[in-house]
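Chain residues, written in single-letter form:
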Amino acid sequence: MGRRIYGGSAVIRIFLFFFVLIFSAASALSKNPNPSSGSGQINSNSVLVALLDSRYTELAELVEKALLLQTLEDAVGRHNITIFAPRNEALERDLDPEFKRFLLEPGNLKSLQTLLMFHIIPNRVGSDQWPPEESGRVKHHTLGNDQVHLSNGEGKKMVDLAEIIRPDDLTRPDGLIHGIERLLIPRSVQEDFNRRRSLQSITAVLPEGAPEVDPRTNRLKKPAAPVPAGSPPALPIQSAMAPGPSLAPAPAPGPGGKQHHFDGEAQVKDFIHTLLHYGGYNEMADILVNLTSLATEMGRLVSEGYVLTVLAPNDEAMAKLTTDQLSEPGAPEQIVYYHIIPEYQTEESMYNSVRRFGKVKFDTLRFPHKVAAKEADGSVKFGDGERSAYLFDPDIYTDGRISVQGIDGVLFPQEEEIVESVKKPVKKVVQPRRGKLLEVTCSLLGAFGKDTYLSKCR
């Protein structure tokens, strides 16, 4: 009897031990409902995964370009989130192209991040939790420390000025997504865009007469008056180019001197990064990165006030280059120099030029060669014959100082055969000319019939 009681108490103690263990685990899970948040990983049922695989492809693409995935993963790990996702048409057709170009420029990454985080609030607000109409506008803080207002009126749920067209479109344990009709733009991003568009952050260049340059010394004849900041260089770009590799590079003789008014190095880095992010121009970007002297030269020219247009061949065109074309010393530099025009040209300006003048020749940094352009098939065609290329991806990068235009071929200067005409000297028989007085005398003798003297005149 006692032995059975003892065995029964042992079973009871084991049962109580497992009960306490299960109760402790349940308490820990209730305190930490998202156990994967500590490791920084998200599961397949997360609202972020739902966003990337949803109908809102334009917003998902902007989130990836803005490098916000890690930030959003951390936010999901701490609390639920609510995402207001604009429909694709609002980002494709309804958005101002100039504003979209402003957001995608590498130098404006902070503005893009601020705009996207303006669409996310760090708590869960479902359609059933929307404020009633009589309560007016309810304020909520966003991930970017801005404020959005939720309201309900005339049967429409609103977030600021955007209508909720798909309430509770995607719901997940760690958040939900509402579809909205338009993009939400915070005041700070709008002010940055307006400041850029009104050119308040760029020094205005006033037109002034060109100073006199001594052709013998290639220098200004007289010390010119102080040049305002941002004025165009007084000397041509040929004078600002560094000498050959055997000599040390000389500073450009432009008006900026040591005090540059433009950050050319940063602008060159921006357009190289743009080529990499744009896709299809990795070879051209690699050449500019590896040839550091070339990128430095371009940055220095832009810092001195010069403007450049880069005709960038795409990867398919660069792959057609042969070993012979690249084996000669300095061949890559010469190829790139021939694709740089010392003017600021956009697709519109080049197309208008070839439409108006027919065939246009642009100067290049590979002096004295020029690149010819003409209209063909509704676009701009550079070069002639097999060594021609079409304007393929227009206005990849335009910032007012550097313009990058994508082309589908590699351009080379035309080989002009110089034929020297050899002129043979021709001997001319010069007959002696009699004087005027002798002619008059002979005519008088002939009139008087003096044949004896007349024979001497003959």
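Summary of the structure given here. Given the structure is predicted, the values throughout are model-derived calculations rather than measurements.

1. So, the sheet that holds strand 10 (residues 308-313)
Overall, mixed pairing links the 7 strands, which are arranged 11-10-16-15-14-13-12 in an open sheet. Every other strand in the sheet has two partners, leaving strand 11 (340-341) and strand 12 (360-363) as the edge strands with one partner each. Both strand 15 (residues 389-398) and strand 16 (residues 402-407) contribute to a ladder of 4 bridges, which runs antiparallel. Counterpart to D393 in the pairing with strand 16 is G406.

2. Some remarks on the sheet that holds strand 2 (residues 120-121)
Here we have 7 strands laid out as an open sheet, ordered 2-1-7-6-5-4-3, and mixed in their pairing. The open sheet has two edge strands, strand 2 and strand 3 (138-141), and neither has a second partner. Relative to strand 4 (residues 147-153), strand 3 is paired through 4 bridges, and the arrangement is antiparallel. Its bridge partner lying in strand 4, V138 is registered against L150.

3. Describing helix 10 (residues 264-278)
The terminal C-alpha atoms of helix 10, which comprises 15 residues, lie 21 Å apart, in line with the 21 Å expected from a rise of 1.5 Å per residue. For helix 10, the complete set of buried residues consists of G264, Q267, V268, F271, I272, T274 and L275. Down the axis of helix 10, the smallest arc covering the buried residues is 155 degrees, so these residues share one side. Exposed and facing more than 90 degrees away from the buried side of helix 10 are E265 and H277. Where helix 10 is buried, its residues contact helix 11 (282-290), helix 12 (292-303), strand 10, strand 15 and strand 16. A positive phi of about 90 degrees marks G279, the residue just after helix 10.

4. Description of unusual backbone geometry
Of the consecutive residues F367 and P368, the connecting peptide bond is found in the cis state with omega at 0 degrees. When you line up the elements, P368 lands in the loop between strand 12 and strand 13 (370-376). Positive phi outside glycine occurs at L67, with the angle close to 60 degrees. Tracing the sequence through the fold places L67 in the loop between helix 3 (57-65) and helix 4 (69-78).

5. Quick notes on the packing of helix 3 against helix 7 (residues 109-117)
Viewed as axis vectors pointing N to C, helix 3 and helix 7 meet at an angle of 135 degrees, and their least axial separation amounts to 10 Å. What the angle tells us is that helix 3 and helix 7 run oblique. The two elements helix 3 and helix 7 cross, and the hand of that crossing is left-handed. Every residue of helix 7 that contacts helix 3 at L59, L62, V63 and K65 is listed here: L109, L112 and L116.

So, how was this worked out
Residues numbered from 1 in each chain as written. Predicted model: local features only at pLDDT ≥ 70, side-chain atom pairs only at ≥ 80, totals over all residues. Heavy atoms only, no water. Pairing = 2+ DSSP bridges. Helix = DSSP H or I, 4+ residues; strand = E, 2+ residues; numbered from the N terminus. Expected span 1.5 Å × (residues − 1). Buried < 20%, exposed > 50% of the residue type's maximum accessible area, 1.4 Å probe, protein only. Arc of directions from axis to C-beta. Contact = heavy atoms within 4.5 Å. Axes fitted to C-alpha atoms, helices over the stretch in contact; angles between N-to-C directions. Parallel < 35°, antiparallel > 145°, perpendicular 65-115°, else oblique. Left-handed = near helix turned anticlockwise from the far one by under 90°.

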